[in-house]
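Given next are the chains, with one letter for each unit.
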2 protein chains.
Amino acid sequence: MQASQTIWSEAEKTIAQAAFTNAYQREINALIQEVHDRSKQIKAIEDVWHLHDFLSARRHELDGKYDNRDAALVFVFADLLREGWLQVSEIEGLDADKIKKISALARM
Amino acid sequence: MQASQTIWSEAEKTIAQAAFTNAYQREINALIQEVHDRSKQIKAIEDVWHLHDFLSARRHELDGKYDNRDAALVFVFADLLREGWLQVSEIEGLDADKIKKISALARM
């Protein structure tokens, strides 16, 4: 990977931190809403265990996904763009090479 | 363990099966209600993971607890009596030795 994708200026760090936090909060809020919705549908014990399986998978996914180390951020932002938790406008101001790489990865 | 506690007549099996099923259904219904109640309280991601931890523990406990093998039933019924999911009146008709053993274990 090029250094421009792993070295972040102070200005870039500020933008990245805000984008990261906003995406995380959106995904968390959606998860909380989904837990509310799923819980309301629970009528049998199988539904309880389905909720448990769902939470196990989401927790594992979220634990691995929001990696804010400098070298990981390009990949994290690509995932968040692809999944719709982040808009490209929120990473404006980052180095052009980073945005290009993030956008390309997001289309994969 | 005495044979009277591990050998079940057909009449005893019928009583035991009904008691087992009723206790299980009560505990499951209480769990479903608790999941509904806990879900309504969820406001932050920590609450979601607390629900997940709770379900992990309850699933593990329930998987181990409702063991309907003949040799296990005396112990299972003792647990269920102690925890209030079963009333002693529901195992009336079992061999007197079994009821005595179940009641003694339930008080431990």
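Residues numbered from 1 in each chain as written. Chains lettered and ligands numbered in written order. Predicted model: local features only at pLDDT ≥ 70, side-chain atom pairs only at ≥ 80, totals over all residues. Heavy atoms only, no water.

**Description of the confidence of the model for chain A**
Low-pLDDT portions of the prediction should not be read for the details of their coordinates.
Point 1. Per-residue confidence for chain A averages 95 on the pLDDT scale, and 96% of its residues sit at or above 70.
Point 2. Scored by ipTM, the complex comes to 0.88, with pTM at 0.89. (pLDDT = per-residue confidence, 0-100.)

**Re the interface of chain B and chain A**
Point 1. Taken together, the 22 residues of chain B in the interface contact 22 residues of chain A.
Point 2. Interface area for chain B against chain A, summed over the two sides, is near 1,900 Å², with a carbon-plus-sulfur share of 72%.
Point 3. The largest per-residue losses of area from chain B upon contact with chain A belong to B:Trp49, B:His52 and B:Arg59, which jointly make up 33% of the total buried on that side.
Point 4. At the boundary of chain B with chain A, the tally comes to two salt bridges. (Contact = heavy atoms within 4.5 Å. Buried area = accessible area lost by both parts, 1.4 Å probe. Salt bridge = Lys/Arg side-chain N within 4 Å of Asp/Glu carboxyl O.)

**Describing the nonpolar core**
A general trend in soluble globular proteins is that nonpolar side chains are found buried together.
Point 1. Residues A:Val48, A:Phe77, B:Val48 and B:Phe77 are the most contacted members of the largest nonpolar core, which totals 64 residues.
Point 2. Going through the elements one at a time, helix H2 (10-40), helix H3 (45-65), helix H4 (73-83) and helix H5 (96-106) of chain A together with helix H2 (10-40), helix H3 (45-65), helix H4 (73-83) and helix H5 (96-106) of chain B are the ones with two or more residues in this core.
Point 3. Excluding anything up to four places from it in sequence, A:Val48 contacts A:Ile42, B:Leu31, B:Ile32, B:Val35 and B:Leu55. (Core = buried A, V, L, I, M, F, W, Y, C linked by side-chain atoms within 4.5 Å. Buried < 20%, exposed > 50% of the residue type's maximum accessible area, 1.4 Å probe, protein only. Helix = DSSP H or I, 4+ residues; strand = E, 2+ residues; numbered from the N terminus.)

**Let's talk about the relation of the copies chain B and chain A**
Point 1. With an RMSD of 0.0 Å, the operation that places chain B on chain A is a rotation of 180 degrees combined with a shift of 0.0 Å along the axis. Taken together, the turn and the small shift mark the pair as related by a two-fold rotation axis.
Point 2. Both copies contact each other with a shared surface, as 100% of the interface residues of chain B are interface residues in chain A too. (Least-squares fit on C-alpha atoms with pLDDT ≥ 70 in both.)

**Points about H5(B)**
All names here are of chain B.
Point 1. Buried within H5 we find Lys98, Ile102, Ser103, Leu105 and Ala106. Within H5, the buried residues cover an arc of 165 degrees as seen down the axis, which keeps them to one side. Exposed positions of H5 whose direction lies more than 90 degrees from the buried face are Ala96 and Lys100.
Point 2. The N-cap residue of H5 is aspartate 95: its side-chain oxygen and the backbone nitrogen of aspartate 97 are 2.8 Å apart. (Arc of directions from axis to C-beta. Polar contact = N/O pair within 3.5 Å; in protein donor to acceptor, adjacent residues only side chain to side chain.)

**A word on the environment of A:Gly84**
Point 1. With respect to the helices and strands, A:Gly84 occurs in the loop between H4 and H5.
Point 2. Relative accessible area serves as the criterion here: at 42%, A:Gly84 is assigned to the partly exposed category.

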